[in-house]
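Next come the chains, spelled out residue by residue.
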Amino acid sequence: AEARQKLYREHPTHCRQQQINISAHDLCFVTAEFSDAPTDMDSLPILDEDMRTDPPRHFVFTNQPSLSAPLGWRRIVLDEVELPYRRQITKSRWPKFMGWQHPSLQHCEVIFYGDAYLMNPINETNWLEMARDIKQNPVGLMQDKQIGLSGNNKPITELRKVAKEAK
């Protein structure tokens, strides 16, 4: 809390009192599904009709052109030339950290990245509140702790259990 207060003192134009006007249609949701086979991927949630917008707000980056994308999701296929990495786990990191650069996301005011099973924005108010916090942050980023993971080596231990680092 003290570090946050110091940050706001140093960057007064970004303080919490600043009025941020943002609507649900300014938010975009991004996930990544990279695998050697389309049957090896998480299922994308089916979006309520009011969540299906034009321009689209839900994007899935993938290397699989045959990935099933339910209504409301826009599939963005990245091939070996665009992502010249060997491991699927490495390919899946590009949308997480660099996806905001993709031309399809240029209309988005705030981009939320998460695993497919988390990308069902049922409560718009909660997403809007987080979007306002992001817009007020001097660097425009927000990261939450991973639920259920604690301790210095816990995330690495959990990843090793599912062998994601080897894929």
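First, a word on scope: everything that follows refers to the structure included in this document. Since the model is a prediction, treat every value here as computed from it, not as a measurement.

Scanning the protein from N- to C-terminus turns up four helices and four strands. Reading the protein from its N end, one meets helices and strands in the order α-β-β-β-α-β-α-α. Burial analysis of the protein (167 residues in total) assigns 34% to the buried set. Once local pairs closer than 6 in sequence are excluded, the contacts in the protein between residues at least 24 apart make up 65%. When the accessible surface of the protein is summed, it comes to about 11200 Å², and 50% of that surface belongs to carbon and sulfur atoms.

What follows deals with unusual backbone geometry. Here the residue pair Asp 54 and Pro 55 is connected by a cis peptide bond, since its omega of 5° sits within 30 degrees of zero. With respect to the helices and strands, the residue Pro 55 is situated in the loop between strand E1 (27-33) and strand E2 (58-62).

Turning our eyes to something else, we now look at the nonpolar core. Among the nonpolar cores identified, the biggest contains 11 residues, and these are Cys 28, Val 30, Ala 32, Phe 34, Phe 59, Phe 61, Ile 76, Leu 78, Leu 83, Leu 105 and Cys 108. Mapped by element, the contributors of at least two residues to this core are E1 and E2. Considering each element in turn, this core owes the most residues, three residues, to E1. Val 110, Phe 112, Leu 128 and Ala 131 belong to the second-largest nonpolar core, a separate cluster that totals 10 residues.

Next up on the list: the pairing of E1. Taking burial as the measure, the seven residues of E1 include seven buried ones, the bulk of the element. A two-sided burial pattern is seen for E1, the buried positions comprising Leu 27, Phe 29, Thr 31 and Glu 33 on one face and Cys 28, Val 30 and Ala 32 on the other. As paired strands, E1 and strand E4 (residues 110-113) are joined by four bridges and run parallel to one another. Looking at the pairing, Leu 27 lines up with Val 110 of E4. Pairing geometry for E1 and E2, over five bridges, is parallel. Residue pairing for E2: Phe 29 is matched across the bridge by His 58.

Cut-off values and rules
Residues numbered from 1 in each chain as written. Predicted model: local features only at pLDDT ≥ 70, side-chain atom pairs only at ≥ 80, totals over all residues. Heavy atoms only, no water. Helix = DSSP H or I, 4+ residues; strand = E, 2+ residues; numbered from the N terminus. Buried < 20%, exposed > 50% of the residue type's maximum accessible area, 1.4 Å probe, protein only. Contact = heavy atoms within 4.5 Å. Areas by Shrake-Rupley, 256 points an atom, 1.4 Å probe, with all protein chains shown as cover. Core = buried A, V, L, I, M, F, W, Y, C linked by side-chain atoms within 4.5 Å. Pairing = 2+ DSSP bridges.

From the geometry alone we can't say anything about function, so treat these as descriptive.
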